[in-house]
Amino acid sequence: MGERDEPEVIGRRVQRLRVEQGLTQRQLAEPTYTPAYVSTLEAGRVRPSDEALKHIAERLGVDFEELSTGRSARLVTDLRLRLTEAQRALATGEAEQAARQYAELLAEAEEHGLVEEQATALLGLGECGIDTGELETARRHFERAEECLAHAPLPARVPALRGRAVAHYLAGELRYAVYLLESTLDELNRGGLHDPDALLLLYASVIGPYMDMGAQARAAQAAEFALALAPQVGDPALVARMHRSVARTLLAEGRLAEADASLAKAAELYRQLQLRTELANCHWMRGYVYAQNNQLERAEDELRQAQVMLSAQRAALYTSQVAVELADVLHRRGKSEAAAALLHEVLGDLSSERGAVHAAGAHRLLGIIAEDARDTDSAEEHYVRALSLLERAGAAGDLADLCRLLGDLLRRTGRVEAALDAYRTGLGHRTAPGTTTLGPAPAQPPL
C-alpha cells in the first residue's frame, strides 16, 4: 500500500467522485459518519482515518488505494503486466524495443509515484544498456534503481548492485567489480540474509572477473557455492546462468566434459524459456570449450552461431567479443588473413572502457599474426597495447602469457634487457595470481 496523499488532495478527490456519482454529503456519510464530517474532509481540514476512507471508498464504489493515493489497483496491475512484457522482449533479444517500453513505463511509474515499479523499469533499462554495450548509461540506470530501493532490504537491492558490477566488469574495471560483488556477498552472509536467489546471482556473476584476474581458486569456490545453492532457487533462468558461469571454472580445471555438460543444461533451459541472448551466450561458451579441446571445426561452428544470434539482437559489445574468440579459432585453423580482417573490423567497438580484456585479446592475436608474417614492429606495437589494456584492467590471468610473448619478441630482436624486464613483469603476475589485488574472501553462506 503506497503513501497516502495530503488531506487537501484526498478531499478534492472525494468531492469530485461524489459529485460525479450524484451523491449528497449525507448519502456518502450515513450511517457511520455525519454530513458535517464529510464537508470538513472535502475541505481538507481533517486527516481521515483508514476506517473512514474505507467506508467512503465503499460508498463511492472505488478501491481504498485509489481513494487514498489516486492510483487504481488496475493501473498498478497493468503497469506490472507491461513491465513483464518488456522483460520478455529483452529476454528474446529485442533490446532496443525493450528499452523503449521500459522508458515509457519508467515515466508512468514516476508520474504515479510507484517506487518499486520505477526500480524495475530502471533495472530493465540497465540490462538493455548491457546488451547494447552502452555501459556508462547502463551503470547510471542501475545506480538510480539502487536509489529507488535505498530503504528496501539488501536482497531486494542485489539485482541493481550486480548490474552495476557487471557494467564495471565489461568496462575493464575488474577490481572494482569484484569489490562490489564480494562486499555484497559478505554483507548478506555475515548478516544472515540467506536469500538463495540473491546469493546465486552474485556468485554466478563474480566467476568471470575472478577468472580474468587469475584468481582461479576463488572462482572455483564461487562455483561450488553456486551449485550448492541451485536446488533452492526457483528461477530457471538464474539457474541456467549459473551453469554457464560454472563451466568456466570446470574448463580451468581441465574438466572439459563436465563443462560441456553444464553448458548443455543451461542451453536446454534457455531454449525452453526462449531466452535468445542467453542461448547465444551458451553457443559462445561451447565454442570456447571446443577450442580448448582442440576441436576447432566444432568451435568455429558454435562461435559463428553465437555471432549471428547476437548480431541479430544488436548486442554490439557481445558480438565483438565473440568475434575475437572466433578469430583465434580461425588463426589456429590456418586462416590468419580472415582472422586479422575480423579483428580489425571489431577493434573499433572495443576499448579500455568497453570490453578491455577482449580488446587486449584482439591486439595479442594481431601481434602473433604479425610475428608469423615477420613484421616485428607491428607485433611489438600490438603486444604493448595489449599489455597496457590488461594492466589497467588488472587481468592477471592473461598478463603472464602476454609478457612471455613480448619477452620472446624482444629477445629475438636483440633487446635482452628489455626482454628480461618483460619476463620479470610476467613472473610477478604469475607468482600468486589474484592475491595482490584481492582482499580477504567474503564470508561463506550457511549451506
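The rules we used
- Residues numbered from 1 in each chain as written.
- Predicted model: local features only at pLDDT ≥ 70, side-chain atom pairs only at ≥ 80, totals over all residues.
- Heavy atoms only, no water.
- UniProt positions renumbered as here; feature names shortened; annotations may be inferred.
- Helix = DSSP H or I, 4+ residues; strand = E, 2+ residues; numbered from the N terminus.
- Phe/Tyr/Trp six-rings, centres within 6.5 Å; stacked < 30°, edge-to-face > 60°.
- Buried < 20%, exposed > 50% of the residue type's maximum accessible area, 1.4 Å probe, protein only.
- Contact = heavy atoms within 4.5 Å.
- 1 Å grid on protein atoms, 1.4 Å probe; cavity = no way out; pocket = protein on both sides within 12 Å on 5 of 7 lines; lining within 4 Å.
- Points joined across faces, edges and corners; volume = space filled by probe spheres on them.
- Nonpolar A, V, L, I, M, F, W, Y, C, P; charged D, E, K, R; others polar.
- Axes fitted to C-alpha atoms, helices over the stretch in contact; angles between N-to-C directions.
- Parallel < 35°, antiparallel > 145°, perpendicular 65-115°, else oblique.
- Left-handed = near helix turned anticlockwise from the far one by under 90°.

Per an unreviewed UniProt entry, the recorded name for the protein chain is Helix-turn-helix domain-containing protein, and the organism is Streptomyces phaeoluteigriseus.

Structural notes on the UniProt feature "domain: HTH cro/C1-type" (unreviewed entry) in the protein chain
Mapped onto the present numbering, the UniProt feature "domain: HTH cro/C1-type" (unreviewed entry) falls at residues 14-67. With 65% helix and 0% strand, the stretch residues 14-67 has end C-alpha atoms that lie 7 Å from each other.

Observations concerning the packing of aromatic side chains
All chains considered together, the criterion is met by 4 aromatic pairs. For the ring pair Tyr33 and Tyr37, a centre distance of 5.2 Å and an interplane angle of 25° mean the geometry is stacked. Relative accessible area serves as the criterion here: at 23%, Tyr33 is assigned to the partly exposed category.

Here we look at the environment of Leu326
With respect to the element layout, Leu326 can be found in helix 18 (residues 316-332). Along the backbone, Leu326 and Ala36 are 290 residues apart, and their C-alpha atoms lie at a distance of 79 Å. Beyond its immediate sequence surroundings of up to four residues, Leu326 is in contact with Glu300, Leu303, Arg304, Gln307 and Leu342.

With respect to empty space enclosed by the protein
To find leftover empty space, a probe the size of one water molecule is rolled over the atoms. Throughout the structure, instances matching the rule amount to 1 cavity of 30 Å³ or more. In this structure, the largest cavity encloses a volume near 70 Å³. Considering the residues around the largest cavity, the lining is formed by Tyr203, Tyr210, Arg218, Gln221, Ala222, Phe225, Ala441, Pro442, Ala443 and Gln444. No other element matches helix 13 (residues 216-229), which puts 4 residues into the lining of the largest cavity. Tallied by class, residues from the lining of the largest cavity come to 7 nonpolar, 2 polar and 1 charged.

Here we look at the packing of helix 18 against helix 20 (residues 356-372)
Where helix 18 meets helix 20, the closest approach of the two axes is 9 Å, and the angle between their N-to-C directions is 25°. Between helix 18 and helix 20, the angle is such that the two are roughly parallel. Crossing geometry of helix 18 relative to helix 20 is assigned as left-handed. Taking contact as the criterion, the partners of Gln321, Val324, Glu325, Ala327, Asp328 and His331 in helix 18 are, on helix 20, His358, Gly361, Ala362, Leu365, Ile368, Ile369 and Asp372. Of the residues assigned to the contact of helix 18 with helix 20, the class counts are 6 nonpolar, 4 polar and 3 charged.

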